[in-house]
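Summary of structural features
The lines below spell out each chain.
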Amino acid sequence: MKKIILLSFIIIQSLSISAQEKVQIKLTSASPSASFQQEIGSSTVKISYSRPLVRGRKIFGELVPFGKLWRTGASDCTTISTNEDIAFGNNILREGTYSVFSIPSENEWTIIINSDITLHGETGYDEKKDVMRFTVPTEKTIGFYETFTIELNDINSKGEGFLKIEWENTMVKIPMKSKADKEILALIDKYIIKEKSQNATLLFQAANYYSATCRANNQAVSWLAEAEKLDPENFYYPTLRQKISVELKDYPNAIEAAKKALAIAEQKKMKGTEKLKNQLEELQLLLKSK
């Protein structure tokens, strides 16, 4: 009986040890991987990188030495992709995928774009494969960045924005600009300004773009007035003219446009006519107060 109990104990212990050997504790990554995709103008930009943590260390000038090549992240090299040519700093970054390196210093960083995207960190880096180099000044961040961060934001209607690199209390901003603005202005110049198109939709689109990008609003109002003559039943043309006229503080024109938009809305039994009436009353009161 004792032999049976002893044998059972040995078997249980063996199974327990075997089970423990199979147990693994998966640790969290010291530098979590990240990626994002952002539309800017007509371009789509993708960034893939790893995000090291401060973890109580002094980063710039110590962990990341000044004056030396840095992978701009951790683990494999950081990469940037664009689906079309885009202005990057003062250069044109051609369509494709590239690695991002930098040489930080206290007051400015050298940003390096390299054609080799297979690298692990700086290992194997070849300066001959650089596509561009330029410098950007450093800035102090408002808050503390525990996690290394790359983001593309401050995007405006012209397709301009900034690629921001932030860690600890340091930030650098790289200006970016899509070619969309240049192409749209070229189309407006060709069809609206030079050929004087009588297409109401094109006139509205040109006026809308000028308004969205804060350009020559008086010209935008003129194009909208022309569009209204060509298509007098379109509700959106006087509505936009009203908005721009208010921005110009041209209240008589804004009131006239508001009346026209309201008449169209009532005729077509559109929703929101009460709101349009209130807007008209507010504009009339505003004009009287001037």
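These numbers were taken from a predicted model, which means no experiment stands behind them.

1. Here we look at the sheet that holds strand 5 (residues 91-93)
Read from one edge to the other, the open sheet built from nine strands follows the order 1-2-3-6-7-8-9-4-5, with strand pairing classed as antiparallel. Only two strands of the sheet have a single partner each, and these edge strands are strand 1 (33-40) and strand 5. Pairwise comparison of adjacent strand axes, ignoring direction, gives a mean angle of 35 degrees for this sheet. Inspection of the sheet shows strand 7 (residues 108-114) paired to strand 8 (residues 130-153) by seven bridges, in the antiparallel sense. By the bridge assignment, Ile113 is partnered in strand 8 with Met132.

2. Notes on the packing of aromatic side chains
As enumerated under the stated definition, the model contains 13 aromatic pairs in all. A ring pair is formed by Phe60 and Trp167, whose centres lie 6.1 Å apart and whose planes are at 90 degrees; its orientation type is edge-to-face. Remark: Trp167 occurs in strand 9 (residues 160-177) and Phe60 occurs in the loop between strand 2 (43-50) and strand 3 (78-82); sequence separation between them is 107 residues. Accessibility classification places Phe60 together with Trp167 in one group, the buried group. An aromatic cluster of three or more residues is present, and its members are Tyr49, Phe60, Trp70, Trp109, Phe148 and Trp167. For the cation-ring pair, Lys173 lies above Phe162, with the distance from its terminal atom to the ring centre recorded as 4.6 Å. Over the ring of Tyr191 we find Lys190; its NZ or CZ atom is 5.2 Å from the centre of that ring.

3. Description of a nonpolar patch on the surface
Nonpolar side chains collect at one region of the surface, where Leu187, Tyr191 and Leu202 lie side by side and expose about 260 Å² of accessible area between them. Along the chain, Leu187 turns up in helix 2 (residues 180-194).

4. Structural notes on unusual backbone geometry
Glycine aside, residues mostly have negative phi angles, and peptide bonds mostly take the trans form. Unlike most non-glycine residues, Asp154 shows phi in positive territory, near 55 degrees. The residue Asp154 is located in the loop between strand 8 and strand 9 in this model. Of note, Glu168 is a non-glycine position whose phi angle comes to about 60 degrees, a positive value. In this fold, Glu168 is placed in strand 9.

5. Observations regarding the pairing of strand 6 (residues 96-104)
Here strand 3 runs beside strand 6; their pairing, made up of five bridges, is antiparallel. Considered in strand 6, the bridge of Ile80 is made with Tyr98. In the sheet, strand 6 pairs with strand 7 via six bridges, with the strands oriented antiparallel. Note on strand 7: the bridge partner recorded for Ile103 is Thr110. From the end of strand 6 to the start of strand 7, which pair antiparallel, there are three residues.

6. Things to note about the packing of helix 4 (residues 217-230) against helix 5 (residues 236-247)
Between helix 4 and helix 5, whose axes approach to 9 Å, the crossing angle comes to 155 degrees. In terms of axis orientation, helix 4 runs roughly antiparallel to helix 5. You can see that helix 4 and helix 5 cross each other, and the crossing is left-handed. Contacts between helix 4 and helix 5 involve Asn217, Ala220, Val221, Leu224, Ala225, Ala227 and Glu228 from the former and Tyr237, Pro238, Leu240, Arg241, Ile244, Ser245 and Glu247 from the latter. Partitioning the contact of helix 4 with helix 5 into residue classes produces nine nonpolar, two polar and three charged.

7. Examining the packing of helix 3 (residues 200-212) against helix 5
The geometry of helix 3 relative to helix 5 is characterised by a closest axis approach of 11 Å and an angle of 25 degrees between their N-to-C directions. Considering the angle they form, helix 3 stands roughly parallel to helix 5. Our pair here, helix 3 against helix 5, has a crossing hand that is left-handed. Seen from helix 3, the contacting residues are Ala200, Thr201, Phe204, Ala207, Asn208 and Ser211; seen from helix 5, they are Tyr236, Tyr237, Leu240, Lys243, Ile244 and Glu247. Here the contact of helix 3 with helix 5 is composed, by residue class, of seven nonpolar, three polar and two charged.

8. Description of the pairing of strand 2
Pairing between strand 1 and strand 2: eight bridges, direction antiparallel. The residue bridging Glu39 from the neighbouring strand is Thr44, located in strand 2. What sits between strand 1 and strand 2 in their antiparallel hairpin is a turn of two residues, with Gly41 showing a positive phi close to 60 degrees. Across four bridges, strand 2 lies against strand 3 in antiparallel orientation. Within the sheet, the bridge partner assigned to Val45 lies in strand 3 and is Thr82.

Criteria and thresholds
Residues numbered from 1 in each chain as written. Predicted model: local features only at pLDDT ≥ 70, side-chain atom pairs only at ≥ 80, totals over all residues. Heavy atoms only, no water. Pairing = 2+ DSSP bridges. Helix = DSSP H or I, 4+ residues; strand = E, 2+ residues; numbered from the N terminus. Axes fitted to C-alpha atoms, helices over the stretch in contact; angles between N-to-C directions. Phe/Tyr/Trp six-rings, centres within 6.5 Å; stacked < 30°, edge-to-face > 60°. Buried < 20%, exposed > 50% of the residue type's maximum accessible area, 1.4 Å probe, protein only. Lys NZ or Arg CZ within 6 Å of the ring centre and 35° of its normal. Patch = residues over 30% accessible without salt bridge, like charges linked within 9 Å, V, L, I, M, F, W, Y side chains within 5 Å. Areas by Shrake-Rupley, 256 points an atom, 1.4 Å probe, with all protein chains shown as cover. Salt bridge = Lys/Arg side-chain N within 4 Å of Asp/Glu carboxyl O. Parallel < 35°, antiparallel > 145°, perpendicular 65-115°, else oblique. Left-handed = near helix turned anticlockwise from the far one by under 90°. Contact = heavy atoms within 4.5 Å. Nonpolar A, V, L, I, M, F, W, Y, C, P; charged D, E, K, R; others polar.

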